[in-house]
Amino acid sequence: MIKPLTSLRFFFALMVFLSHLGFLYGINAQTDVGLDSFVREYISFKEGYLGVSFFFILSGFILSYNYLDKFKNKTISYKNYIRARFFRIVPLHWLTLIVSIFLSIAYINNITGFLLKLAANTFLLQSFVPVKDFYFGFNGVSWSISDEMFFYTLFPLLVLWIYKKKQNYFLAVLSLCIPILALSFFYNYSNSYWLFYVNPFFRIFDFIIGILLFKVYLKLKEFNFKINFTFVEITAILMLVCFVSFKDQVHQSFRWSIYYWIPMTWIILVFSLAKGLISKILSHKSLLLLGEISFSFYMIHQLVIKVLWALNFKLHFTKSSILITLLSFLISVVLSYIAYNFFEKPINKRFKKPSL
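The structure displayed is predicted, hence computed values, not measured ones.

A. Structural view of the packing of aromatic side chains. What the rule picks out here adds up to 43 aromatic pairs. Their ring planes at 10° and their centres at 3.9 Å tell us that F12 and F54 sit as a pair that is stacked. Taken together, the residues F12 in helix α1 (residues 3-19) and F54 in helix α4 (residues 50-72) connect sequence positions 42 residues apart. An identical accessibility class is assigned to F12 and F54; each is buried.

This is the structure:
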């Protein structure tokens, strides 16, 4: 475990949470429970989708950290690897899917379409379908889990190819030109949201960056740096702040992924070395716990927001969306803690063991 990176997972999951507060404002525009101007302007973070870029890049990095030597030395089989990855993400996905089904039953108007979407979600294929009702069907955030499962499936082939020869590393870096060229030609495409944000064949380049970044990490670990790493960590955070500050100067299609490659890679690389004061703070056990429950938080939070909005719409227990925001956050954290300790961990412990 690289402790600072584990803790950072929660902060980027929190950014995704903040971006979904716009759900309250958009749906409640004609009601008395719309987002307060303070929440809309200062708390709702419209660029929260950058957290997905962080997770995709981090995924490639951490899988390389955990499995590169095992695959190179042939101490793990593909079967046992994919089994471990399957039980890392799919059970919680299925649990939230079941909850989502109950929440959406009242809105079914086409049983065939419902069953098709259910099948796609069940088998984590929804992100391959360029139709919003499919890739955002049921628990909307699970589209990224569909992408992750695709990345996991290809990881052994990618990591062994990249690390086999030096020229393969160069070709992997060169391959990053592909999404840049694609964006240059199709950034105004009518379905650019799916093509550049959801599409697993495009987002796999984020994942590849993580694999490449691990090779840089291995090289840097060999050096004995005599610099102030706290300052370096501050620059990494400030770089992300600067990129967000200048976001309006960049076309939205680029911001779905490519625009944030540089600050995300720098943040992951700097904090993977864990040499500064901020890394020390991030290594505190309380922040590590938040990092460990971050996957549950990511998978649960949007359902909590929707349920609270629906309850408030019917019961009118508050006109303050600040209160709804705080309740959504606190309930999501509590449920995430419960899900992690009583669902995620037991399942991982039971099923991640190598099969005979």
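B. A look at the nonpolar core. Of all hydrophobic cores here, the largest spans 97 residues; its most connected members are F12, F54, Y81, F155 and Y260. It is α4 that contributes the most residues to this core, 12 residues altogether. Once residues within four sequence positions are removed from consideration, F12 is found in contact with L50, G51, F54, F55, L240, M264 and I267. Counting 5 residues, the second-largest nonpolar core is a separate cluster that includes I101, F114, L118 and F138.

C. Broad picture of α1. Here α1 is 17 residues long and its end C-alpha atoms lie 26 Å apart, about the 24 Å a rise of 1.5 Å per residue gives. Within α1, the full set of buried residues consists of P4, L5, T6, S7, L8, R9, F10, F12, A13, V16, F17 and L18.

What counts and how
Residues numbered from 1 in each chain as written. Predicted model: local features only at pLDDT ≥ 70, side-chain atom pairs only at ≥ 80, totals over all residues. Heavy atoms only, no water. Phe/Tyr/Trp six-rings, centres within 6.5 Å; stacked < 30°, edge-to-face > 60°. Helix = DSSP H or I, 4+ residues; strand = E, 2+ residues; numbered from the N terminus. Buried < 20%, exposed > 50% of the residue type's maximum accessible area, 1.4 Å probe, protein only. Core = buried A, V, L, I, M, F, W, Y, C linked by side-chain atoms within 4.5 Å. Contact = heavy atoms within 4.5 Å. Expected span 1.5 Å × (residues − 1).

Function-wise, these values are silent; they only describe arrangement.
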